[in-house]
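Now for the letters of each chain:
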Amino acid sequence: MAMSAEALEALLRAAFADADIQIKDLTGNGDHYKAIIKSCAFSGKSRVAQHQMVYAALQGKMGGELHALALETSAKP
Amino acid sequence: MSDALEAIRNTVAGHDVVLFMKGTADRPQCGFSNMVVQILDHMGVDYFDVNVLADENIRQGVKEFASWPTIPQLYVKGEFVGGCDIVREMFQTGELKTLLQDKGVALAA
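A short tour of the structure in this document, coming up.

Thresholds applied
- Residues numbered from 1 in each chain as written.
- Chains lettered and ligands numbered in written order.
- Predicted model: local features only at pLDDT ≥ 70, side-chain atom pairs only at ≥ 80, totals over all residues.
- Contact = placed C-beta atoms within 7 Å.
- Helix = DSSP H or I, 4+ residues; strand = E, 2+ residues; numbered from the N terminus.
- Nonpolar A, V, L, I, M, F, W, Y, C, P; charged D, E, K, R; others polar.
- Pairing = 2+ DSSP bridges.
- Axes fitted to C-alpha atoms, helices over the stretch in contact; angles between N-to-C directions.

The partner chain A presents nine residues to the nine residues of chain B that form the contact. If you list the elements that add at least two residues to the side of chain B that touches chain A, you get strand S4 (79-82) and helix H4 (84-93) of chain B. Looking at the side of chain B that touches chain A, its residues break down into four nonpolar, three polar and two charged.

Take a look at the structure:
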C-alpha cells in the first residue's frame, strides 16, 4: 500500500489550484509523507478545518493507500 | 446512530480530556499517539485514554465521528482539537495551554 509523491501532489493540486505545495517522502517507501500546503482556500479556517479540507481532497485514500501524511497548512496572504 | 458512535459520544461527553490512540497511555503502540501522550504528560493534564486497537468498531467510528481519518484524536470538553500535527503545533505555540486553561482543565504547574 503506497502512493507516489506525484499522485499525491496531483490530488492536492486538483483541490487547491492556487496552492504552493511541497511534498517530502519521509521514509523513501511512499507511505510516510509530509505535505506543506499554502493556499488562499485556508484563509479564515481553523487548523482542523484546513486539515479536513486536505483529507477530503484525498478522497478517502488517507488511512488506506496513504498510511501517514504529516500536514502543515497555512493561508496564503 | 450506531452503538460505536453512541459510545464515542458518551466517552467524549463524560471526560474533560479524551485521547483516542493506538495503545494505552502507559504503552503507546504508534509514534504519533506516543507524541500526544508525551505532550499531555509533560503538561500534567489528566486525560482519559481510549485504545482504538482494542475495538475495531471504535477505531472506525472515531474516524467518522470527527470526519478525521487518522489516529490519535484529542478532545477537550467535547470539542475535537486535532490530531498529532495540530496538537504538536498548538503545544509549541502555547495555544494548547491557553485552550486547556480557557476550558477550565487543570494543569500541573
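Back to the write-up after that little detour.
All names here are of chain A. The strand order S1-S2-S3 describes an open sheet built from three strands, whose pairing is mixed. Single-partner strands in this sheet number two, and they are strand S1 (20-25) and strand S3 (68-75). Averaged over neighbouring strand pairs, the angle between their axes works out to 10° when direction is ignored. Strand direction decides the pairing type here: strand S2 (residues 32-39) and S3, joined by eight bridges, are parallel. Within the sheet, the bridge partner assigned to Tyr33 lies in S3 and is Leu69. Together, S2 and S3 form the strand contacts of helix H2 (residues 47-57), whose direction differs from that of S3 by roughly 125°.

Right, let's get into the sheet that holds strand S3 (residues 73-76) of chain B. Strands in a sheet are paired, the pairing made by backbone hydrogen bonds, and the direction either parallel or antiparallel. Residues and elements named next belong to chain B. Pairing within the open sheet is mixed, and its four strands lie in the order S2-S1-S3-S4. The open sheet has two edge strands with one neighbour each: strand S2 (48-51) and S4. For this sheet the average axis-to-axis angle between neighbouring strands, irrespective of direction, equals 25°. Note: S3 against S4, three bridges, orientation antiparallel. Within S4, the residue paired with Val76 across the bridge is Glu79. Along the sheet, helix H2 (residues 31-43) makes contact with strand S1 (17-21) and S3, crossing S1 at roughly 155°.

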